[in-house]
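Coordinate inspection notes
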Amino acid sequence: MTSQRTSVAIVGGGFSGAMTAVHLLKQRLAQLDITIVEPRSELGRGIAYSTQCPEHLLNVPASEMSALPQEADHFLKFARGQDSSISADSFVARKVYGDYVNSIVAQQITGRNSGRNCLRHLRSEVVDLEASGNHYALILADGSRIDADYVVLALGNLGGKQPGWLKDAAIASHAYIHDPWDTKAIEAVCADEDVLIIGSGLTAIDKIVELKSKGHKAHIYVLSRRGLFPNRHTKNYQRRPQVEFKYLSVLSALKNLRRRVADLASTSDVTDWRQVVDELRPITQQWWLSLPQSEQKRFVRHLQTYWDIHRHRMACEISDKIEKTRQTGKLEIIAGRIIQLGGEGKHLTIEVMERGKKTSRNICVSKIINCTGPQSSLETIDSPLLTNLRRRGLIHCHVLGTGIAVRPDGQIVDQKDQVLKGLFAIGPLLKATLMESVAVPELRRQALNLATRIASLAKREDCPDESALEMA
Ligand SMILES: Cc1cc2nc3c(=O)[nH]c(=O)nc-3n(C[C@H](O)[C@H](O)[C@H](O)COP(=O)(O)OP(=O)(O)OC[C@H]3O[C@@H](n4cnc5c(N)ncnc54)[C@H](O)[C@@H]3O)c2cc1C
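Now for a description of the structure that goes with this document. Predicted model, so just to flag it, every value in this text is computed and none were measured. (Residues numbered from 1 in each chain as written. Predicted model: local features only at pLDDT ≥ 70, side-chain atom pairs only at ≥ 80, totals over all residues. Heavy atoms only, no water.)

**Considerations on the site of the ligand**
The condition that has to hold: Residues are classed as near a molecule or strand on a simple rule: at least one heavy atom within 4 Å of it. Polar contacts here mean pairs of N or O atoms no more than 3.5 Å apart (in protein, one a potential hydrogen donor and the other a potential acceptor; neighbouring residues in sequence count only if both atoms are side-chain atoms). For the accessible areas, the method is Shrake-Rupley and the probe is 1.4 Å, while residue cover comes only from the protein chains on display. Working definition: helices are DSSP H or I runs of at least four residues, strands are E runs of at least two. Numbering for both runs from the N terminus. Only Asp, Glu, Lys and Arg are considered charged in this grouping, and only Ala, Val, Leu, Ile, Met, Phe, Trp, Tyr, Cys and Pro are considered nonpolar; every other residue, Gly among them, is considered polar.
Around the ligand, the surrounding shell holds 33 residues, and the nearest of these are Ser-16, Glu-38, Tyr-49, Asn-59 and Val-438. Take Val-126: an N or O atom from its main chain is 2.9 Å from a nitrogen atom of the ligand. Burial of the ligand by the protein chains amounts to 92% of its free accessible area of 990 Å². When residues of the shell around the ligand are traced back to their parent elements, those giving at least two are α1 (15–26) and α14 (440–462). No other element matches the three residues that α14 contributes to the shell around the ligand. Class assignment of the residues belonging to the shell around the ligand gives a composition of 21 nonpolar, eight polar and four charged.

**Quick notes on the sheet that holds strand β16 (residues 419–425)**
For clarity, the threshold we go by: Here, any two strands with at least 2 DSSP bridges between them count as paired. To obtain an axis, a line is fitted to C-alpha atoms, over the contacting stretch when the element is a helix, and the angle between two such axes runs from 0 to 180 degrees between their N-to-C directions.
One open sheet holds the six strands; their spatial order is β3-β2-β1-β7-β16-β15, and the pairing between them is mixed. The sheet is open, and its two borders are formed by β3 (118–122) and β15 (411–413), each paired with just one other strand. The mean angle between the axes of side-by-side strands here comes to 30°, regardless of whether they run parallel or antiparallel. The pairing of strand β1 (residues 6–11) with strand β7 (residues 150–153) spans four bridges and is parallel. Each residue of the ladder has a partner; that of Val-11, found in β7, is Leu-153.

**Details of the nonpolar core**
We count it as follows: What we call a nonpolar core is a set of buried Ala, Val, Leu, Ile, Met, Phe, Trp, Tyr and Cys residues that are connected through their side-chain atoms within 4.5 Å. Buried, partly exposed and exposed residues are distinguished by accessible area as a fraction of the type maximum, computed with a 1.4 Å probe on protein chains only: under 20%, between the cut-offs, and over 50%, respectively. Whether two residues are in contact is decided by their heavy atoms: any pair within 4.5 Å suffices.
By size, the foremost hydrophobic cluster in this structure holds 69 residues, and its most contacted members are Ile-10, Phe-15, Met-19, Phe-75, Tyr-97, Ile-197 and Ile-322. In this structure, Met-19 is in contact with Ala-67, Leu-68, Val-101, Ile-104 and Ala-447, ignoring residues within four places of it in sequence.

**Here's the deal with the pairing of strand β6 (residues 145–148)**
Here β6 shows a buried face lined by Ile-146 and Ala-148 and an unburied face lined by Arg-145 and Asp-147. Connecting strand β5 (residues 135–140) to the next strand, β6, in antiparallel fashion are four residues, including Gly-143 with a positive phi near 90°.

**Points about the sheet that holds β6**
Overall, antiparallel pairing links the three strands, which are arranged β4-β5-β6 in an open sheet. Of all the strands in the sheet, the pair left with one neighbour each is β4 (126–132) and β6. This sheet shows a mean twist of 20° between the axes of neighbouring strands, independent of strand direction.

**Considerations on the environment of Lys-235**
Mapped onto the secondary structure, Lys-235 falls in the loop between β10 (220–224) and α7 (250–262). Sequence spacing of Lys-235 and Arg-274 is 39 residues, and the spatial spacing of their C-alpha atoms is 9.9 Å.

Written as structure tokens, this is what we have:
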């Protein structure tokens, strides 16, 4: 029996990477040296939970945000420890959630680093990855390398490249804010500056709330192709545990959903359309995997946007704030697309073609904030690592055109559709494969399953005769 240690490198230390590391640290099947490469100073926060803005709330109730699949009220207990008025239905500040995940990692490191497994956090970016046999070399931004037996890509919510319509003058003048999470850039928006927000999803909602909390008084335009905001949550319904849903065509599934929503008044156990949407959550991945590819494509093309605004909802208190701003006439939502950008410095003129209209209109603002949200197509994602992995043939685009080709268990397949032993992905990169793979209720289970899988693979390699290991 060998006593060799196995090295696991996790690229990205947001929720998915951090929780995978937590479960790897706990396991006792193999001896693991775990490295998380993450440029941020704290593990577990990623994009979603790094915000310091107290008005940025979770979009899932506290009772459903446990990071541990085995302990449903783990987060609720933590949150109540901070503020006893928090209830199961509360939408807690995302900063508090970041504190929570970070504290779980810190506890694990303190408790386990002296034992058989250890974890280190390298503050850097991985820009490339070489595969040689069953081993990998990660190349970091400063040119240094780390070797690993197993690699987990936990890259999360990745931003996109700068849009084609952007002019150099707008970039140079800082009138265009590409990264909506650049706190300094958002702070620099003056109260009297008209703003154009591109995108109308939850990132746009965050930015409107943030600007208003800082006393922004000028006009805010929100532009997206369909001009649809996410719906709001409600607290007036009970969740149902399980539902039968076996439709092999998207159209029949949609008809069933509509029928159930229309039947609300006559169905005593269903009180709100949100309940109909939410009861699909536990079985969405299973349903998605059962669909033929042609139906998955149909869903992405025709229904994804509508599904997203019903499924990803904003907290009621956030929705109230948005409505209040709308009533002042200072918030305008436009369905359309940008034709061109003119002007420079503080006076940008954006020519917009509104949906369904034949003539364009001009919008004049001082700032443009890109809120198109996380990107999922390899063509638009701005990630040197993914570009290099693709160039090396180690990954390829999922057939749906979003994310990468990966098995449902996170195993990455290369351009020849061969499984790459030891190379895994977790989180939003699996969205095309699983449909639901971006939020904590799915990711906490993925993290546990992936850690268990890696530990058992490492155990087999460390000691091919498993019975000998059990007896030792
Ligand atoms: C604004 C926002 C709010 C959200 N709110 C909720 C919510 O309320 N409830 C919920 O369930 N879900 C929410 N989500 C969904 C969110 O995707 C998950 O909750 C979770 O945060 C995803 O974690 P992750 O680790 O997969 O991704 P991320 O949080 O994006 O973390 C990925 C990390 O990888 C790092 N990284 C990327 N590339 C590299 C590289 N090449 N080298 C090294 N490091 C790299 C990044 O720095 C980042 O820290 C929200 C998402 C966003 C964007």
